[in-house]
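Examining the three-dimensional arrangement
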Amino acid sequence: MSVLCPDGHRSQATDYCDVCGAPIAHAPAAPTAPPTSAPTATSTGASTGASGGAATACPHCGSPAAAGALFCENCGYDFTTGATPSPIPPVAPVAVPGEPVESTTGAAPAVVAAGAPATPDPVGAVAGAAEPPRAAAEDPAPGAPQEASALPTPTIPGGEVWVAEVWVDPDWYALQTPEDPLPSVGLPQLVTLRTRSALVGRPSVSRNIHPQVDCGSDSGVSRRHCQLSTDGQRWWVEDLQSSNGTHVARVGDPLPTTPIPPGQRVELQDGDRVYVGAWTRIVVREALPGEV
């Protein structure tokens, strides 16, 4: 048995209306509607067939609707108000590498190459149009050592080749009286000077110090002891505030006892000797033919 709510809707429930939800208080029973041959296509007929009668078809899409249904499960048609569902916008296709993408404008499908970014087909784009190449960002490799100077040191101009002789000098060792024993005296170490500036010192991996003139065996030499520089014809030496100082002696002069002032360049004459550390003597000269 069905009843009528205060708004005139037929409801199977006797406490609240099945259609509008209004409370039903002692409403008289509604007369049973005579059977009809077919439901009408109006919103009132659709509401009656879907809510209280037998199963019927959706007036919008024609799909069967269960008895008592408020909305069409296929298209979302509202049996109560007769409102039609809003159209769903089409979803843009997603490009998959190696598979053709159908354009929404009717153009021929374009194939996305493997490794290319998967982007939707733009409206009005020409099929198969290639995107301009982008410059690849070159990042430094993780853990790569960084040089002490960001700019490369320029090479020595001219055709001359210069070398630095690194000697173990027992006379200089006797004057310094260090605690470390004197190494074996032999032939000098020959270092080719290829840049306008060369660091003299002892290497340090933790501080990223790699001197061109390596005096690592002499503990009296600072990590960054002094700097040799040239314009291609002349050479200078500059003390970098080392612990034991940098000494320069002219040809024929005795061993020096006064270090050069730190931070000031001193020009080297032909045959001058540079003393650093406990026993190291350095002589800068032009390389002999076939020497390097």
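Scroll up for the structure.
Since the model is a prediction, treat every value here as computed from it, not as a measurement.

Right, let's talk about the sheet that holds strand β13 (residues 247-249) for a bit. The 5 strands lie next to each other as β8-β7-β16-β15-β13, forming an open sheet whose pairing is antiparallel. Two strands in the sheet have a free side with no partner beyond their single neighbour: β8 (189-193) and β13. Shown here is a sheet whose adjacent strand axes are inclined to one another by a mean of 25°, direction ignored. Relative to strand β16 (residues 280-286), strand β15 (residues 273-276) runs antiparallel, the two sharing 3 bridges. In the strand pairing of β16, Tyr275 is matched with Arg281.

Position of Asp218 among the secondary structure elements: in the loop between β10 (213-214) and β11 (226-230). Here Asp218 sits buried without a salt bridge, and the closest side chain of opposite charge, Arg202, lies 6.9 Å off (N-O distance). A polar contact is formed between the side chain of Asp218 and the backbone nitrogen of Ala278, at a distance of 3.0 Å. Discounting chain neighbours no more than four positions away, the residues touching Asp218 are Arg202, Val276, Gly277, Ala278, Trp279 and Thr280.

In this section: the nonpolar core. Core analysis: the biggest nonpolar cluster contains 23 residues, and Leu193, Val213, Leu228, Trp235, Val237, Leu268 and Ile282 have the highest contact counts within it. Elements with a contribution of two residues or more to this core: β7 (162-168), β8, β9 (197-201), β11, β12 (235-239), β14 (265-268), β15 and β16. Ranked by the residues each element gives to this core, the list is headed by β7, at 3 residues. In terms of nonpolar packing, the next biggest core, distinct from the first, is built from 7 residues, Cys58, Ala65, Ala69 and Tyr77 among them.

Quick look at the packing of aromatic side chains now. With the rule as written, the count across this model stands at 3 aromatic pairs. Ring plane angle 65° and centroid distance 5.9 Å describe the contact between Trp162 and Trp235, whose orientation is recorded as edge-to-face. Of this pair, Trp162 sits in strand β7 while Trp235 sits in strand β12, placing them 73 residues apart in sequence. Stacked on the ring of Trp236, the Lys or Arg Arg265 has its end atom at 4.3 Å from the ring centre.

Reading across from one edge, β10-β9-β11-β12-β14 is the order of the 5 strands in this open sheet, with mixed pairing throughout. Bordering the open sheet on either side are β10 and β14, each of which pairs with just one other strand. Two strands pair when backbone bridges link them, and β9 and β10 are joined in this way by 2 bridges, in the parallel orientation. The residue bridging Gly201 from the neighbouring strand is Asp214, located in β10.

Counting through the fold element by element, Pro256 comes out in the loop between β13 and β14. Sequence spacing of Pro256 and Tyr275 is 19 residues, and the spatial spacing of their C-alpha atoms is 8.3 Å. Pro256 has contacts with Trp172, Leu175, His247, Val248, Ala249 and Tyr275, leaving out every residue within four places of it along the chain.

By the secondary structure assignment, Asp78 is in the loop between β4 (64-65) and β5 (100-101). In contact with Asp78, other than residues within four places in its own chain, are Leu70, Phe71 and Ala83.

What follows deals with unusual backbone geometry. Phi at Asn208 is positive, roughly 55°, even though this residue is not glycine. Looking at where Asn208 falls in the secondary structure, it is placed in the loop between β9 and β10. For Asn208, a relative accessible area of 19% puts it in the buried group. Of note in the backbone geometry, Gln241 takes a positive phi value of approximately 55° without being a glycine.

Here we take up the pairing of β7. Two faces, one strand: in a regular strand the side chains alternate between the faces of the sheet. Burial runs high along β7: 5 of the 7 residues are buried. Bridge count for β7 against β16 is 7 bridges, and the pairing is antiparallel. Following the sheet pairing, Trp162 is matched in β16 by Glu286. The pairing of β7 with β8 spans 5 bridges and is classified as antiparallel. Residue Glu165 lies in a different strand from β8, and its bridge partner there is Leu190.

About the cut-offs
Residues numbered from 1 in each chain as written. Predicted model: local features only at pLDDT ≥ 70, side-chain atom pairs only at ≥ 80, totals over all residues. Heavy atoms only, no water. Pairing = 2+ DSSP bridges. Helix = DSSP H or I, 4+ residues; strand = E, 2+ residues; numbered from the N terminus. Axes fitted to C-alpha atoms, helices over the stretch in contact; angles between N-to-C directions. Buried < 20%, exposed > 50% of the residue type's maximum accessible area, 1.4 Å probe, protein only. Lys, Arg positive; Asp, Glu negative; His and termini not counted. Salt bridge = Lys/Arg side-chain N within 4 Å of Asp/Glu carboxyl O. Polar contact = N/O pair within 3.5 Å; in protein donor to acceptor, adjacent residues only side chain to side chain. Contact = heavy atoms within 4.5 Å. Core = buried A, V, L, I, M, F, W, Y, C linked by side-chain atoms within 4.5 Å. Phe/Tyr/Trp six-rings, centres within 6.5 Å; stacked < 30°, edge-to-face > 60°. Lys NZ or Arg CZ within 6 Å of the ring centre and 35° of its normal.

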